[in-house]
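# What the coordinates show
The primary structure of each chain is shown beneath.
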Amino acid sequence: MGWLAAIIVGGIAGWLAEQFMKSNMGLLMNIVLGIIGAIVFNFIFGTLLGLYAAGASFSFGYLIAGFIGACILIAIARAVRGRA
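Residues numbered from 1 in each chain as written. Predicted model: local features only at pLDDT ≥ 70, side-chain atom pairs only at ≥ 80, totals over all residues. Heavy atoms only, no water.

## Quick notes on the UniProt feature "transmembrane region" (unreviewed entry) in the protein chain
For the record, the criterion: UniProt positions are given in the numbering used here, feature names are shortened, and annotations may be inferred rather than shown by experiment. Secondary structure follows DSSP: runs of H or I at least 4 residues long count as helices, runs of E at least 2 residues long count as strands, and numbering of each begins at the N terminus.
What UniProt calls "transmembrane region" (unreviewed entry) maps, in this numbering, to residues 27-54 and 60-80. The span residues 60-80 is 100% helix and 0% strand, and its two end C-alpha atoms sit 30 Å from each other.

Structure below.
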C-alpha cells in the first residue's frame with residue numbers, strides 16, 4: 001500500500017477504533033494507531049493463525065486489520081496507564 005493510502009486508511013481505522021473504544025486521541029494519533037494497528041494485527045494473527053488481512057493494495061481487509069489492531073493498542077495503553 002502506498003504511503004498516502006496508508007495514511008488515509010490508517011486515519012479512518014484509528015478514528016473508528018477511537019469511537020469504538022470511547023477514547024480521545026486526536027488526528028495524528030488516529031493515523032499512527034491505524035497504521036501500527038494493521039501491522040500489529042498482521043503480525044499477531046499472521047504468526048499465530050496464518051491470517052493476513054492487509055495486502056499490498058488498498059483493501060477492506062487493511063481497514064479491518066487497522067481497526068482491530070488499533071483497538072488492541074488502545075486497550076494495552078489503558079492497561080499500562082491504569083497500573084502507573
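Right, picking up where we left off after that structure.
## Topic: the packing of helix α1 (residues 3-21) against helix α2 (residues 27-49)
Applied cut-off: Geometry is summarised by axes, namely lines fitted to C-alpha atoms with helices restricted to the contacting stretch, and by angles between N-to-C directions that run from 0 to 180 degrees. In these notes the angle categories are as follows: under 35 degrees is roughly parallel, over 145 is roughly antiparallel, 65 to 115 is roughly perpendicular, and the rest is oblique. Residues count as neighbours in contact if any of their non-hydrogen atoms are within 4.5 Å of one another. When residues are grouped by polarity, Ala, Val, Leu, Ile, Met, Phe, Trp, Tyr, Cys and Pro land in nonpolar, Asp, Glu, Lys and Arg in charged, and all others, Gly among them, in polar.
Relative to each other, α1 and α2 sit at 100°, their axes nearing to 6 Å. It follows that α1 is roughly perpendicular to α2 by the angle criterion. Counted together, Ala6, Ile7, Gly10, Gly11, Ala13, Gly14, Trp15 and Glu18 of α1 and Asn30, Ile31, Gly34 and Ile35 of α2 form the full contact between these two elements. Its residues placed into classes, the contact of α1 with α2 shows 6 nonpolar, 5 polar and 1 charged.

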